[in-house]
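# Chain and residue survey
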Amino acid sequence: MPTTRRQTAIEEGKIKPDEGAQPKTKRSPSKTRKGRQTSKARQPKHDEDAEMKEAEADVGEKRDAVTAEADLEDKQDERPKKKTKTKTHAGKDTDDKDDVYKAGTIERGHIYFFYRPRVQLEEAHSIDDIKNFHMLLVPRPPEFASNSQQDENGTDKTDLSKEEESEMKVLAPGADAVPAPDNSNSSKKHFRMITVGKKKLPEPPNSSGGSRRNDNFWATVTTVGDDLQSLEKGLGEKTYETKTRVTRHEAPARLVARGGYAIINSDATTPSKRETHLGYHVSHPTPTDLGDVQESLGIYSASSFIVQVKNPLAPATGPQQAHSKPAEYPEWIMRSVFGAGAGKGHQTRGRESYGLRFASCETPELLDYQGAELLLIAAKDGEEGLESRLGEGRGTALKEIEEREGHEPIRKAFDELGLDLDKFPVESLEGSWI
């Protein structure tokens, strides 16, 4: 049944089927239905996908490059760094490395305590009459490795660095803390004079003269030398004139105790737990001869204290430090011990650009610079306290050798230092003020 007029006309034969038909035309892109896209409209999406793939590939390449660079840096860090040689204060070569800390015994030797009466006083009758109190350290090689050599003039030519290499051959517990006896008459010996603040040593906690807390006193390295003749001049009698042309006189220093000492670094797992202990045992006077002078100066037959070294670049903690000239440490000590950097944020230790304010005595070199400031913190007195601080039988070994040397005459103590016994009073070594 025809549904349109055209179909009715075709059926009645009035028109031909192809007559009046409209030719078919292609739809233009503008005639497309709303919401549909042609291939050209979809082409930007294909380009975007390609660009994203290219970008992802580029990022991947950069990431691989960064990873490769980091791996290269790790490999460079794993390779051993080249060590350079730096001249120390004593003129010896030392490896310029980041950490100079050495656990165990870093030095041993003989220790001497002196006091000098105030100006214009010929004698001292109490600590109030004292001008200065000094602690003298004379390093020695270990007794078990003593191969002391002398030249034709009697100069001690013992190479301490070679003696240190022999420390692995310790024959008995604590032997590395026992100083070799000094039988030479040579004046060529390395020494350090340390002036103790408050004119006495810090009292150990819970001792007869101490408090429950640890006392701590300042000390300064005032003299460093290699010739004991200069030491005798420094400790001897003095007469001089002031700016107002007033003549002043100082009596000679008094030797009040002599013994052996050892400086021990703890075997710490982290740098913040490192401690340096200086322990000593007195040979002269004997424990029974210790008198009022030794007690007033804080000298026991055996004792120890913790030693810390102040960073010379750190701010002064008192007026006396502000007016004194600090030690001039070389760059390798400032960097290796205190962690100082070239500026803020470049330090390797501490929060300030100068690094740590205080450090343990990681190397004996720290004591070889005039003006070095030390903090002495009381630890323990007595032979048990000495052993507990030094450890590994060192306190016991030091006790045995000094008790043996205590039987020798007082003159030997003066001979070791090249001091004329006729110029220095000996009553103070017997426990009496003079």
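Look up: the structure comes first, before these words.
Overview of the structure. Please read these numbers as outputs of a predicted model, since none were measured by experiment.

## Digging into the overall build of the chain
A count of helical and extended segments in the chain gives 10 helices and 13 strands. In the chain, which comprises 434 residues, the proportion classed as buried is 42%. For the chain, the proportion of contacts with a sequence separation of at least 24, taken over those separated by at least 6, is 71%. For the chain, the accessible area works out to roughly 25,500 Å², and carbon and sulfur atoms hold 48% of it.

## Examining the side chain of His277
Along the chain, His277 falls in strand β10 (residues 276-284). Classification of His277 by relative accessible area gives buried; the value is 5%. Side-chain polar atoms of His277 contact the side chain of Glu275, separated by 3.0 Å. When near neighbours in sequence (up to four residues on either side) are disregarded, His277 contacts Ala262, Ile263, Ile264, Phe305, Ile306, Arg389 and Leu390.

## Focus on a negative patch on the surface
A surface patch of like charges, here negative, comprises Glu122, Glu123, Glu237, Asp289, Glu427 and Glu430. The residue Glu430 is located in the segment after α10 (410-417) in this model.

## Considerations on the nonpolar core
In this structure, Phe113, Tyr115, Tyr280, Ile299 and Tyr329 are the most contacted members of the largest nonpolar core, which totals 47 residues. In this view, Ile299 contacts Phe113, Phe133, Leu201, Val256, Ala257, Tyr280, Val282 and Gln294; residues no more than four positions away in its chain are not counted. The next biggest cluster of nonpolar side chains, apart from the first, holds 18 residues, and it includes Leu235, Leu419, Leu421 and Leu429.

## Comments concerning the packing of aromatic side chains
Taken as a whole and judged by the stated rule, the model has 6 aromatic pairs. Between Tyr329 and Phe338, the ring centres sit 6.1 Å apart and the planes meet at 35°, which makes this aromatic pair tilted. Residue class for Phe338 comes out buried when judged on its relative accessible area of 0%. An aromatic cluster of three or more residues is present, and its members are Phe113, Phe133 and Tyr280. Sitting over the ring of Tyr101, Arg274 keeps its end group 4.1 Å from the ring centre.

## Thoughts on the side chain of Asn265
One can find Asn265 in strand β9 (residues 254-265). A distance of 3.4 Å separates a polar atom in the side chain of Asn265 from the backbone oxygen of Cys361. Look past the residues within four positions of Asn265 in its chain and what remains in contact with it is Tyr101, Lys102, Ala103, Gly104, Ile106, Glu275, Thr276, Cys361 and Glu362.

## Some remarks on the pairing of strand β6 (residues 216-225)
Look at any regular strand and the pattern is simple: side chains alternate between the two faces of the sheet. Where strand β5 (residues 191-196) lies against β6, 6 bridges are found, and the strand directions are antiparallel. Within β6, the position partnered with Met193 by the bridge is Thr223. In the sheet, β6 pairs with strand β13 (residues 373-381) via 5 bridges, with the strands oriented antiparallel. Pairing of Trp218 across the sheet is with Leu375, part of β13.

## Points about helix α4 (residues 228-235)
If you check which residues of α4 are buried, you get Leu228, Leu231 and Leu235. What you see down the axis of α4 is that its buried residues fit within an arc of 45°, all on one side. Elements in contact with the buried residues of α4: β3 (104-117), β4 (130-140), β5 and α10.

## Points about the packing of helix α8 (residues 382-390) against helix α9 (residues 394-405)
In a packed pair of helices, the relevant descriptors are the angle between the two axes and the axis-to-axis distance. Where α8 contacts α9, the two axes come as close as 7 Å, and the packing angle between them is 130°. Our classification of the angle between α8 and α9 gives oblique. Across the interface between the two elements, Glu383, Leu386, Glu387 and Leu390 from α8 touch Arg394, Gly395, Thr396, Leu398, Lys399 and Glu403 from α9. The class makeup of the residues in the contact of α8 with α9 is 3 nonpolar, 2 polar and 5 charged.

Cut-offs used in this document
- Residues numbered from 1 in each chain as written.
- Predicted model: local features only at pLDDT ≥ 70, side-chain atom pairs only at ≥ 80, totals over all residues.
- Heavy atoms only, no water.
- Helix = DSSP H or I, 4+ residues; strand = E, 2+ residues; numbered from the N terminus.
- Buried < 20%, exposed > 50% of the residue type's maximum accessible area, 1.4 Å probe, protein only.
- Contact = heavy atoms within 4.5 Å.
- Areas by Shrake-Rupley, 256 points an atom, 1.4 Å probe, with all protein chains shown as cover.
- Polar contact = N/O pair within 3.5 Å; in protein donor to acceptor, adjacent residues only side chain to side chain.
- Patch = residues over 30% accessible without salt bridge, like charges linked within 9 Å, V, L, I, M, F, W, Y side chains within 5 Å.
- Salt bridge = Lys/Arg side-chain N within 4 Å of Asp/Glu carboxyl O.
- Lys, Arg positive; Asp, Glu negative; His and termini not counted.
- Charge placed at Lys NZ, Arg CZ, Asp CG, Glu CD.
- Core = buried A, V, L, I, M, F, W, Y, C linked by side-chain atoms within 4.5 Å.
- Phe/Tyr/Trp six-rings, centres within 6.5 Å; stacked < 30°, edge-to-face > 60°.
- Lys NZ or Arg CZ within 6 Å of the ring centre and 35° of its normal.
- Pairing = 2+ DSSP bridges.
- Arc of directions from axis to C-beta.
- Axes fitted to C-alpha atoms, helices over the stretch in contact; angles between N-to-C directions.
- Parallel < 35°, antiparallel > 145°, perpendicular 65-115°, else oblique.
- Nonpolar A, V, L, I, M, F, W, Y, C, P; charged D, E, K, R; others polar.

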